[in-house]
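Coordinate analysis (summary)
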Amino acid sequence: MKKILFPIWSALLLCVTSCVQLEPPTIGTITIDKVTSDGITCSVTIEGDEIADCGFYYGTSKLNVTNNKGSKVQSTLSAGSFSAVITDLKPNTTYYIKR
């Protein structure tokens, strides 16, 4: 019985000691890179381990955007930053955006 348990405990110990603690991402300030007649291109820098999802929430209600209930545009992470194009915005309207 001891011969069987030793390899199991060794494998378990190796697994526990080789696990890496991931750091939470550091997210920069949103930059508006381009403004058109009906949209914007926005970007943000991000640093961290294993970023699973990135994008922007936006809308005309600050409360909805804050609670992640605004519209969402997905983005892909590329070289420590992500960007997205948000279109169909109405002129003379205040929009809120968050990352």
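Presented here is a report on the structure given in the accompanying data block. Along each chain, residue indices are assigned from 1 in the same order as the chain's sequence is written. A pLDDT threshold of at least 70 governs which residues receive local features in this predicted model, and a stricter bar of 80 or more applies before side-chain atom pairs are shown or counted, although totals over entire chains, interfaces and linings include all residues. Hydrogens and water molecules were not included; the side-chain quantities draw on all heavy atoms of the structure.

Brief notes about the packing of aromatic side chains
Whether two aromatic rings pair depends on their centres lying within 6.5 Å, for rings of Phe, Tyr and Trp, where Trp uses its six-membered ring; planes under 30 degrees apart make the pair stacked, over 60 edge-to-face, and the rest tilted. In this structure the tally under the stated criterion is one aromatic pair. Look at F56 and F82: their rings are 5.2 Å apart centre to centre, the planes differ by 45°, and that puts the pair in the tilted class. Pair noted here: F56 is in strand β4 (residues 55-59) and F82 is in strand β6 (residues 81-86), with a separation of 26 residues, a long-range link. Buried, partly exposed and exposed residues are distinguished by accessible area as a fraction of the type maximum, computed with a 1.4 Å probe on protein chains only: under 20%, between the cut-offs, and over 50%, respectively. Residue F56 is classed as buried on the basis of its relative accessible area of 0%. Only DSSP runs of H or I reaching four residues or more are called helices, and only runs of E reaching two or more are called strands; each is numbered from the N terminus.

What about unusual backbone geometry?
Positive phi, close to 60°, is recorded for D88, a residue that is not glycine. Residue position: D88 is located in the loop between β6 and β7 (96-98). On the basis of relative accessible area, D88 is assigned to the exposed category, the value being 64%.

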